[in-house]
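Commentary on secondary and tertiary structure
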Amino acid sequence: MSTKKSLKAQNNVLSDAKKQLQLLSNSIFLSGQLPTFSQKLQSHKLPSIKPKQLEILQLNIGYMCNQVCAHCHVDAGPDRKEKMSKPTMSQCLQVAHKHKIKTLDITGGAPEMHPDFRWFIKEAKAAEIPEIIIRSNLTILRANKKYYDLPDFFKEHQLHIISSLPFYRRGKTDRQRGDGVFNKSIEALQKLNEVGYGLQGTGLEIDLVYNPLGAYLPRGQEELEEEYKHALREDFGIEFNNLYCITNLPISRFLDFLVASGNFEGYMTKLVNAFNPSTVGNLMCTNTISVSYDGYLYDCDFNQMLELNVSSKSNHISNFEMDALQNRNVCISQHCYGCTAGAGSSCQGTVV
Amino acid sequence: MSKSYYQPEDLLKFGSINEWNPELGKKFFDYYQSVFKKGTLSEREKSLIALAVAHTIQCPYCIDAYTTDGLERGIEKEEMMEAIHVAGAIRGGASLVHTVQAMNIYNKLSM
Ligand code: SF4
Ligand code: SF4
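Now for a quick tour of the structure. What you see is a predicted model; the values in this text were computed from it and never measured.

**Considering the packing of helix H2 (residues 43-57) of chain B against helix H4 (residues 77-97) of chain B**
All names here are of chain B.
- One can describe the packing of H2 onto H4 by two numbers: an axis separation of 8 Å at closest approach and a directional angle of 45°. In terms of axis orientation, H2 runs oblique to H4. For the crossing formed where H2 meets H4, the hand is right-handed. Contacts between H2 and H4 involve Leu 48, Leu 51, Ala 52, Val 53, His 55 and Thr 56 from the first element and Glu 79, Met 80, Ala 83, Ile 84, Val 86, Ala 87 and Arg 91 from the second.

Have a look at this one:
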């Protein structure tokens, strides 16, 4: 199920954010068969979503990736050339330093492929950001000799690594992420373990991310973590810290899959029926701001992909104003149901 | 609407049985929820048992519900199939073991 090219390179209509938003607002939502996200919030007497204290600045430093995963919400791939410039990176660090941001969460694409990646991490360390997360797809660590020393680099800079491994056996992982991905991911995890990641007492954290391979929701994060730990230890001697279950949001390539496979309505119905009001206070958009490669600000990485800019006069890293941003309302649409289903979903797994 | 006794969307209306008898309905659903909570058996094991039983009683709603539940829990198709074969073996065995009764009667009545 992995594709060879991004939707953008295929000129697929769904590479257009407006088309995605139209699809998410029409059909079953227009006919009233399902309530819109905003109607759902109102029916639970929940006001619009307001940010709490900003803790995480999530930077998408570019859409280039060595993989073309079938579910990718970024529509990343080797054919995507968008990347953050050095001046924008520096501006992000100035903002993070000035506002005492706790966590810099660096994502992509494969952030390690950015030509200034190592320079940027060194600068971020110099700016004394308390925690730096790298969303690494693992295979990049084994993709080319020039990346082989990344585990040491990660260790040297005490980076917190979060990586997708859709399953602890080969079949499902390769179906979602492409042939050979599982073996390379296992090799990469072993290399990370070798330098101390995932091992008790080292303080070097590697967390894994599970997301379903199809039109169904994840559940049972704790039990699945036990399963993963047991299987990876028994079969490959691998250790890791936490497993995060993430729901696939109906956008970009996953939306394309839902439509093409006739699962769109069924999946949206599942998400709506699984709406859990207690997730709303802890949504990712309440403590995170996402910055795109060109410096614009968004409520989350998903809104970034849907080109839903923050609704604030401070909408770019160059005019970052904490007060204005804290007073904004988060932009919502029907994709938000992906964050509120069941135990909720965020870049750190479940939220309740 | 296609003509069939079973409609997939009716599964989601299961809770509406409470409308005609809230007291017993509530007792049933509370019991149901407690049964599937992690106990000595894991939630995963219970899901597989439910899938096997669903095949034994041939309930399309339960088959739908517990195939999806299994997928959601990361249960693989090989595990599901093995569980269903257990149901098949018990079902087949239950038929076959009655052969002993047939044999007894046959032998008793025959000269
Ligand atoms: S590794 Fe991540 S960024 Fe790259 S294609 Fe897969 S999901 Fe997208
Ligand atoms: S997609 Fe999720 S994180 Fe983003 S705005 Fe909607 S609810 Fe918030």
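This is not the end of the story, as more comes after the structure.
**Some points on the sheet that holds strand E6 (residues 243-245) of chain A**
Residues and elements named next belong to chain A.
- Ordered in space as E6-E5-E4-E3-E2-E1-E7-E8, the eight strands form an open sheet in which the pairing is mixed. The open sheet terminates on both sides in strands that have one partner only, identified here as E6 and strand E8 (297-298).
- Strand direction decides the pairing type here: strand E1 (residues 56-60) and strand E7 (residues 288-291), joined by four bridges, are parallel. Within E7, the residue paired with Gln 58 across the bridge is Ser 290.
- Helix-sheet contacts for helix H9 (residues 221-236) involve strand E5 (206-210) and E6, and the interaxial angle to E6 is about 135°.

**So, the site of ligand 2**
- Taken together, Leu 283, Met 284, Cys 285, Asp 299, Cys 300, Phe 302, Asn 303, Val 330, Ile 332, His 335, Cys 336 and Cys 339 of chain A are the residues near ligand 2.
- Of the residues assigned to the shell around ligand 2, the class counts are nine nonpolar, two polar and one charged.

**Some words on the interface of chain A and chain B**
- On the side of chain B, nine residues touch chain A, which itself brings 12 residues to the contact.
- Ranked by residue count, the leading element in the side of chain A that touches chain B is H9 of chain A, at three residues.
- Looking at the side of chain A that touches chain B, its residues break down into six nonpolar, three polar and three charged.

**A word on the pairing of strand E2 (residues 103-107) of chain A**
All names here are of chain A.
- Counting buried positions along E2 yields four of five residues, so the element is predominantly enclosed.
- Pairing of E1 with E2, which is carried by five bridges, proceeds in the parallel orientation. Considered in E2, the bridge of Ile 56 is made with Thr 103.
- Note on the crossover from E1 through helix H4 (residues 86-98) to E2: the handedness is right-handed.
- Bridge analysis of E2 against strand E3 (residues 131-136) gives four bridges, and the strand direction is parallel. Across the sheet, Leu 104 pairs through a bridge with Ile 132, a residue of E3.

**A look at the environment of Met 84 of chain A**
- Position of Met 84 of chain A relative to the elements: it lies in the loop between E1 and H4.
- Along the chain, Met 84 of chain A and Pro 218 of chain A lie 134 residues apart, while their C-alpha atoms are 32 Å from each other.

**With respect to the site of ligand 1**
- Lining the immediate surroundings of ligand 1 are Cys 65, Gln 67, Val 68, Cys 69, Cys 72, Val 74, Ala 76, Gly 108, Gly 109, Ala 110 and Asn 137 of chain A.
- Residues of the shell around ligand 1, tallied by class, amount to seven nonpolar, four polar and no charged.

**Quick notes on the nonpolar core**
- In terms of nonpolar packing, the biggest core is built from 112 residues, with Leu 57, Cys 92, Leu 104, Ile 132 and Ile 161 of chain A touching the most fellow members.
- Not counting chain neighbours up to four residues away, the residues in contact with Ile 132 of chain A comprise Leu 104, Ile 106, Ile 121, Ala 124, Leu 159 and His 160 of chain A.

**Digging into the environment of Val 272 of chain A**
Residue and element names in this part refer to chain A.
- Within the secondary structure, Val 272 is located in helix H11 (residues 264-273).
- When the C-alpha atoms of Val 272 and Leu 192 are compared, they prove to be 39 Å apart, with 80 residues separating the residues in sequence.
- Those residues in contact with Val 272 that sit more than four places away from it in its chain are Leu 34, Pro 35 and Tyr 337.

**Section: unusual backbone geometry**
- For the peptide bond that leads from Gly 108 of chain A to Gly 109 of chain A, omega is 25°, which places it in the cis range.
- Positive phi is not limited to glycine here, since Ser 252 of chain A has a value of about 50°.
- Relative to the assigned elements, Ser 252 of chain A resides in helix H10 (residues 252-260).
- The residue Gln 58 of chain B is not glycine, and still its phi comes out positive at about 50°.
- Position of Gln 58 of chain B among the secondary structure elements: in the loop between H2 and helix H3 (60-72).

About the thresholds
- Residues numbered from 1 in each chain as written.
- Chains lettered and ligands numbered in written order.
- Predicted model: local features only at pLDDT ≥ 70, side-chain atom pairs only at ≥ 80, totals over all residues.
- Axes fitted to C-alpha atoms, helices over the stretch in contact; angles between N-to-C directions.
- Helix = DSSP H or I, 4+ residues; strand = E, 2+ residues; numbered from the N terminus.
- Parallel < 35°, antiparallel > 145°, perpendicular 65-115°, else oblique.
- Left-handed = near helix turned anticlockwise from the far one by under 90°.
- Contact = placed C-beta atoms within 7 Å.
- Pairing = 2+ DSSP bridges.
- Near = placed C-beta within 6 Å.
- Nonpolar A, V, L, I, M, F, W, Y, C, P; charged D, E, K, R; others polar.
- Buried ≥ 20, exposed ≤ 12 C-beta atoms within 10 Å, placed from the backbone.
- Right-handed = clockwise from strand over helix to strand, strands pointing away.
- Core = buried A, V, L, I, M, F, W, Y, C linked by C-beta atoms within 7 Å.

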